[in-house]
Each structure stands twice: as C-alpha cells, then as structure tokens.
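Residues per chain are reported as follows:
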Amino acid sequence: MKPGFQLAKDIYWVGKIDNREVPFHRLLLSKGTTYNAYLLKTGKPTIIDTVDMAFGREFAEAVAELIDPLDIQYIIVNHTEPDHSGGLAALASKATNATIVCTEIAVPEIQQMYKLQHRNFLVIKDGDQLDIGGKTLLFKETPYLHTEETMITYCVEDKILFPCDIFSTHVAVEHLFADEAGFDITDDFIGYYQAIIHPHRRYVRTLINAVADLDIEMIAPSHGFAIRHDIAKFIDLYASMSTETKDDKKVAIVYATLKNNTKKMANILKDCFLENQIKVEVWDVDKADETEILNSIASADAVFVGSSTKYADMTGKLEDLLQKMQKMNLEGKLAAAFGSYGWSGEAIEVVQDYLNGTNMEVQSTSGVIKSTGMTHVEFPVRIRFSPTEDEKVKKIKNAAEFVSDLLLSVI
Ligand code: FEO
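So, how was this worked out
Residues numbered from 1 in each chain as written. Predicted model: local features only at pLDDT ≥ 70, side-chain atom pairs only at ≥ 80, totals over all residues. Heavy atoms only, no water. Helix = DSSP H or I, 4+ residues; strand = E, 2+ residues; numbered from the N terminus. Buried < 20%, exposed > 50% of the residue type's maximum accessible area, 1.4 Å probe, protein only. Contact = heavy atoms within 4.5 Å. Areas by Shrake-Rupley, 256 points an atom, 1.4 Å probe, with all protein chains shown as cover. Lys, Arg positive; Asp, Glu negative; His and termini not counted. Charge placed at Lys NZ, Arg CZ, Asp CG, Glu CD. Salt bridge = Lys/Arg side-chain N within 4 Å of Asp/Glu carboxyl O. Axes fitted to C-alpha atoms, helices over the stretch in contact; angles between N-to-C directions. Left-handed = near helix turned anticlockwise from the far one by under 90°. Nonpolar A, V, L, I, M, F, W, Y, C, P; charged D, E, K, R; others polar. Polar contact = N/O pair within 3.5 Å; in protein donor to acceptor, adjacent residues only side chain to side chain. Pairing = 2+ DSSP bridges. Domains from an automatic or database assignment. Buried area = accessible area lost by both parts, 1.4 Å probe. Phe/Tyr/Trp six-rings, centres within 6.5 Å; stacked < 30°, edge-to-face > 60°. Lys NZ or Arg CZ within 6 Å of the ring centre and 35° of its normal.

Here we look at the overall build of the chain
A count of helices and strands for the chain gives 13 helices and 22 strands. Principal axes of the C-alpha set define a box for the chain whose edges measure 75 × 45 × 40 Å. Taken over 411 residues, the chain has a buried fraction of 57%. For the chain, the share of sequence-separated contacts (at least 6 apart) that also reach a separation of at least 24 residues comes to 70%. In the form shown here, the chain has an accessible surface area of approximately 17,500 Å², with 47% of it arising from carbon and sulfur atoms. A distance of 5 Å separates the average location of the 42 positive side-chain charges in the chain from that of its 60 negative side-chain charges.

Details of the pattern of salt bridges
By the definition in use, this model includes 20 salt bridges. One salt bridge in this structure joins Lys135 and Asp158, with 2.6 Å as the shortest N-O distance. Of this pair, Lys135 sits in the loop between strand E12 (129-131) and strand E13 (136-141) while Asp158 is found in the loop between strand E14 (151-155) and strand E15 (160-162), placing the two residues 23 residues apart along the sequence. Residue classification places Lys135 among the buried residues on the basis of a relative accessible area of 7%. In this structure, a network of salt bridges that share partners links the residues Lys159, Asp215 and Glu217.

Some points on the packing of helix H6 (residues 201-212) against helix H7 (residues 231-243)
Running from N to C, H6 and H7 cross one another at 145°; their axes reach a closest spacing of 9 Å. The crossing of H6 and H7 is left-handed. Residues Arg201, Val204, Arg205, Leu207, Ile208 and Val211 of H6 lie in contact with H7, whose contacting residues are Ile235, Tyr238, Ala239, Ser242 and Thr243. Here the residues of the contact of H6 with H7 sort into seven nonpolar, two polar and two charged.

A look at unusual backbone geometry
Omega for the peptide link from Phe379 to Pro380 comes to -5°, which places this bond in the cis form. Tracing the sequence through the fold places Pro380 in the loop between helix H12 (365-372) and strand E22 (381-384). In this structure, Asp248 is a non-glycine residue whose phi angle is positive, near 60°. By relative accessible area, which is 61% here, Asp248 ends up exposed. Positive phi is not limited to glycine here, since Asn260 has a value of about 75°. As for its placement among the helices and strands, Asn260 is situated in the loop between strand E17 (250-256) and helix H8 (261-275).

Some points on the side chain of Thr309
Here Thr309 shows up in the loop between strand E19 (302-307) and helix H10 (318-326). Looking at Thr309, its side chain comes within polar contact range of the main-chain nitrogen of Ala347, at 3.1 Å. Discounting chain neighbours no more than four positions away, the residues touching Thr309 are Leu258, Ser340, Tyr341, Gly345, Glu346, Ala347 and Ile348.

Here's the deal with the sheet that holds E15
The strand order across the open sheet formed by five strands is E12-E13-E14-E15-E16, and the pairing between neighbours is mixed. Every other strand in the sheet has two partners, leaving E12 and strand E16 (218-219) as the edge strands with one partner each. For E15 and E16, the ladder comprises two bridges, and the chain directions are parallel. Residue pairing in the sheet places Ile160 in a bridge with Met218 of E16.

Here's the deal with the domain arrangement of the chain
Structurally, the chain comprises domain 1 (5-241) and domain 2 (250-408). Each of domain 1 and domain 2 has a C-alpha centre, and these two points are 39 Å apart. Taken together, the seven residues of domain 1 in the interface contact nine residues of domain 2. In total, domain 1 and domain 2 occlude about 750 Å² of area from one another, counting both sides; carbon and sulfur atoms represent 42% of this. Scanning the region where domain 1 abuts domain 2 turns up two salt bridges. Ionic pairing is found between Arg202 and Asp405, a salt bridge with its closest N-O pair at 2.9 Å. Summed over the shared surface of domain 1 and domain 2, the number is seven residue pairs in polar contact (both at pLDDT 80 or more). Residues of the side of domain 1 that touches domain 2, tallied by class, amount to three nonpolar, one polar and three charged.

Points about the packing of aromatic side chains
Counted according to the given criterion, the structure contains 14 aromatic pairs. A centroid spacing of 4.7 Å and a plane angle of 40° characterise the contact between Tyr144 and Tyr203, whose relative ring orientation is tilted. Of this pair, Tyr144 sits in the loop between E13 and E14 while Tyr203 is found in helix H6, placing the two residues 59 residues apart along the sequence. The pair Tyr144 / Tyr203 is uniform in exposure class, with both members buried. Seen from their ring centres, Phe167 and Phe189 are 6.3 Å apart, and the 5° between their planes marks the pair as stacked. Note that Phe167 is positioned in the loop between E15 and helix H5 (186-197) and Phe189 in helix H5, a separation of 22 residues in sequence. For the pair shown, Phe167 and Phe189 are each scored as buried. Through a chain of ring-to-ring contacts, the aromatic side chains of Phe167, Phe189, Tyr193, Phe234 and Tyr238 assemble into a single cluster. When the ring centre of Phe177 is taken as origin, the NZ or CZ atom of Arg228, which lies over that ring, is 3.6 Å away.

Pasting the structure below:
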C-alpha cells in the first residue's frame, strides 16, 4: 500500500507503514503498526491526521505528490500524540494556507510542540460541522481516548468515521481493509483495546453514545486496519469490554478528622463508590470499634485511609490502626491515602508511608501516569481546607472513579 491508495470517492490514504518493532507506551509492537492519515480531495482539500514524527518529512513529500500543499485548506488533528501529529510541522511548512482544526485543549499543545503559534486554528466543540467543499465533516469530542484533547471526525456524505486511536489495531498492514487481511483481525482489535483503550474505559461509554446516532459504513482509524464489514460487532466489542463489571466489590474508608473536612472527603468518596455500585463501609477511627474497623478492612477489596493534619502529623487513633494494618496480610487489596489540610498536609504523606508498609497495592500519582497517561487523577488525595468547591469535589471523585474502574474491570 502506497500513499494515494483510494478508499472512497476523493478520499485517499496518505499514511506510513512502520514495520519496526515499535516501542510504544512501554510495549513493543511486535507486528509493527501504521500511521494512517487521509487526504480528502474536495473543494477545500483536507488532511485528517498525520504520521509519526520519525516520518514527518517523508509524509509531507508524499502528500505533495498528490496535491499542491498550497491548496490544502484544513489539517484535522484528532489527537496530538506525536504518532499522529508528528508530521504536522513538515506538512504545515508546505501547506501554508491550511487552517489547523482541533479541540481547544489541543491548540496550545500543537503550538508548543511544533512552534505553530502563528498559524490559524479552528477550535472545535462537540457536534461542530465543517463544510470542506462537497463533503461535510462532523466532530465529536472524545476526551481521554486516547488523551484529553482527543476528538473524532465523521464524514457525513461517505459515512466514514475517522476515530484516530479508537478502533485501531497495531499491525503493519499491507492491505488497509480488514476484509482483505486474509485473517480475522478480532484478536488484534481486542489486544489493542486492552493495551491502549481499556485504562480509559470510563470514557468509552461516552464514545459509544457519541457514535450511536452515526450511520457508519466504514471505520478508518489511524493505526492498522480500516473496517467496512461487521462494524456493529466491533463497536459492540468496545461497549462490552468497557462495561462488563465484577459484582460484590467493597471499599472500607477509615478516617480521623479534626474539623470534619476529612470526614466530608470520606463521604464524597462514599457517594461516588455507591454511584458505581460498590459497597462502602465508612469508619471514624476515633468513634468506631477498632475490631469492627479491622474486620471491615480485612473483608474489603480497597481501603482508603484519611487523616487531617495537626502539628505536621496524623490525628486521633489512626496511627495505632495503621500499625496493626502493617501486621495483617492485605495482599490483593487496593489502597489510597487522603486528607484535608491547612498548610502542608504532612499527615496524608505519613498515611501513604504507612500504607506502603503494608502489602496492599497503594495508588500513587506516578503509578496512574505510568499505567494510563492520565494526569487528572492524583494519589494521595490532598484537599486544602473544606472540599466544597467543584474543583475539589471533582478531584476526590476522580480518585474514587479510578479505583472503581480498577475494582470492576473484568480485564
Ligand atoms: Fe496512536 Fe495515542 O496515539
């Protein structure tokens, strides 16, 4: 397959096949991959996504073989990760009349990654449409699939979905269409989902709603195969893999509180777990019976431990409890620290240290970033003073939703 391969009327593949064992998200892509980009030769010629930055110049030259770059009116950037936006600088330097089309969050990322501060941007909001001269593009925001700024593009007239990372496969395909692969791509499709998309499964549910009202005759993603048969089956795979859940999970939340702010945090966590159909037991360490608390912890699947900070340390009876927890076998449980504070919040860090001294899987911001790339989920959960403002509540909920997804996932 060479750039210029036609997949529909006036729509051409202009991507790059990468046969290397590509290192990607701490995986080695044993079957390589492709970076699928598309040229829509309409009245207002448009490029959808580019290629990995290693092939940027080659990509721009290949596009220039098919169209005068000065005629390109729009460059759609569905997702800014460099395996798709990496050819942007090379292309934009030739396509000087092109407007870059992306979400609001993507604008500063593109400007700073590729020094394109001087270029025209068209900022997309969910549901916006763009007339590209003979075809209409509809955009839907799909945050965190794969990163926060991501959107998908749908060509109304051709009924083709360009979802970038979503519905992809990591295979260095020689034939773009799955039905011409010569084998069933389902295992590759599922493997890609599990490696790349599943950590963001909460957002897949948004995606399923976003595509539910689209009449899709072809999915043209930005890695691997394009799909034009059994489309409902592949979308349903995402729906089922992201929603199938385990039952009967329980979280124990234990806290010590000075001014009830850490207690309020515990209650926000509790409500969020309940919304996710997870049982919750909440304990004030200074009021509840210690044996009951320890039994609750022993039977829980995840344990949240919180403390207010007084004189740079934990309060109440929490330290006694944490010492006993360190002598228990808590293997297989998830754990997280939280707390309200006024100045430095040392107690929350001390709780984290104690949890790290157990054999539980203690959540950390570093661990979240390394496992998912998400930066909006933070552990330990630290809130200054009362958790009343929306931003603080969201921070607490983000943590509870992340742990809920870990507990409920069947994969
Ligand atoms: Fe294919 Fe999120 O990059």
